[in-house]
Amino acid sequence: ATRPEPTAEETLAADGKATFDSLRPHLDSLVARYPAPAAALLPVLWHVQRSRGWLTPTSIHEIAGYLGVPQAQVEGVITFYTMFQDRPTGRDVAMVCKTLTCRLRGAQDVMDALEDHFHVPMGGTTEDGRFTFEAAECLGLCDMAPCMLVVDADRYGDLTPESAVKHLEDRS
C-alpha cells in the first residue's frame, strides 16, 4: 500500500518544527495569564508562528479549536496584523513603510531598489530564501521616513535606495 501524502503539519514536524502538542505547555502558560482563553489570541499566534516559521492552515484550525474561537476570527487577526504570516517566508522579512510620510520622502524608490537588486517583487521571497519583502502600513517610525523594519531584528530609517540595499546585504 502506498503511504498518503503528509499533511503540512507532518511535513513541518519532519523538518524539525514543533508539533501543536509540543507547544501546549507553553501555550497553556500564556493562556493562564488572561481572563478568557480568546484574549490570548495574539500571543498564541505569535508563539506558534515563531515555533513553526509561519501559520499553516492546520495551525489556524488548531489555534481556533484550542482557544474556542471561530476559525474566521483567527484568520481575520492574521490578515489584519502584518506581523503574522500565513505563507512561508524568507529567513528575514523586510517591511518597507508605504504610508504617506514615507512615500513623500522616497519609499517607492526604496521599494523599487530592493526589487531590482534582489530580483523579487514586493510580497515575494528571494530564490535563496534569505528575504521576503513586504510593503507595510505605518511602522510607527515616521520621524525616520522612509523606513524599513526587519521583523524580529532591526529598524532602519532615513533610507535611500542605496542604504536600504546595503543594510540588507550587510545582514549576512
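The paragraphs below set out a description of the structure included in this document. (Residues numbered from 1 in each chain as written. Predicted model: local features only at pLDDT ≥ 70, side-chain atom pairs only at ≥ 80, totals over all residues. Heavy atoms only, no water.)

1. Some thoughts on the pattern of salt bridges
- Counted by the stated rule, this structure contains eight salt bridges.
- The residue Asp21 makes a salt bridge to Arg24 at a minimum N-O spacing of 3.4 Å. Of this pair, Asp21 and Arg24 both sit in helix α2 (residues 20–31), three residues apart, roughly one helical turn.
- By relative accessible area, Asp21 is classed as exposed at 58%.
- Among the ionic pairs, Arg87 bridges to Glu134, the shortest N-O distance being 3.4 Å. (Salt bridge = Lys/Arg side-chain N within 4 Å of Asp/Glu carboxyl O. Helix = DSSP H or I, 4+ residues; strand = E, 2+ residues; numbered from the N terminus. Buried < 20%, exposed > 50% of the residue type's maximum accessible area, 1.4 Å probe, protein only.)

2. Re the sheet that holds strand β2 (residues 131–136)
- Strands sit in the order β2-β1-β3-β4 across an open sheet of four strands; the sheet is mixed. Each edge of the open sheet is held by one strand with a lone partner, namely β2 and β4 (155–156).
- Here strand β1 (residues 92–97) pairs with β2 via six bridges, running parallel. Its bridge partner being in β2, Val93 is matched across the sheet by Thr132.
- On the sheet, helix α7 (residues 107–118) packs against β1, β2 and β3 (148–150) and is oriented at approximately 150 degrees with respect to β1. (Pairing = 2+ DSSP bridges. Contact = heavy atoms within 4.5 Å. Axes fitted to C-alpha atoms, helices over the stretch in contact; angles between N-to-C directions.)

3. A short note on the pairing of β1
- The buried fraction of β1 is high, at six of six residues.
- What you see with β1 is no split at all: Asp92, Ala94 and Val96 on one side and Val93, Met95 and Cys97 on the other are buried throughout.
- Taken together, the three bridges between β1 and β3 define a ladder with antiparallel strand orientation. Residue pairing in the sheet places Met95 in a bridge with Leu149 of β3.

4. Details of the nonpolar core
- Residues Leu45, Ile63 and Val74 are the most contacted members of the largest nonpolar core, which totals 22 residues.
- Within the residue set of this core, elements represented by two or more residues are α2, α3 (41–52), α4 (57–67) and α5 (71–80).
- Ignoring anything within four residues of it in the chain, the contact list for Val74 reads Leu41, Leu45, Ile60, Ile63, Ala64 and Val69.
- If you look at the next biggest cluster of nonpolar residues, it comprises 17 residues, including Val120, Tyr156, Val165 and Leu168. (Core = buried A, V, L, I, M, F, W, Y, C linked by side-chain atoms within 4.5 Å.)

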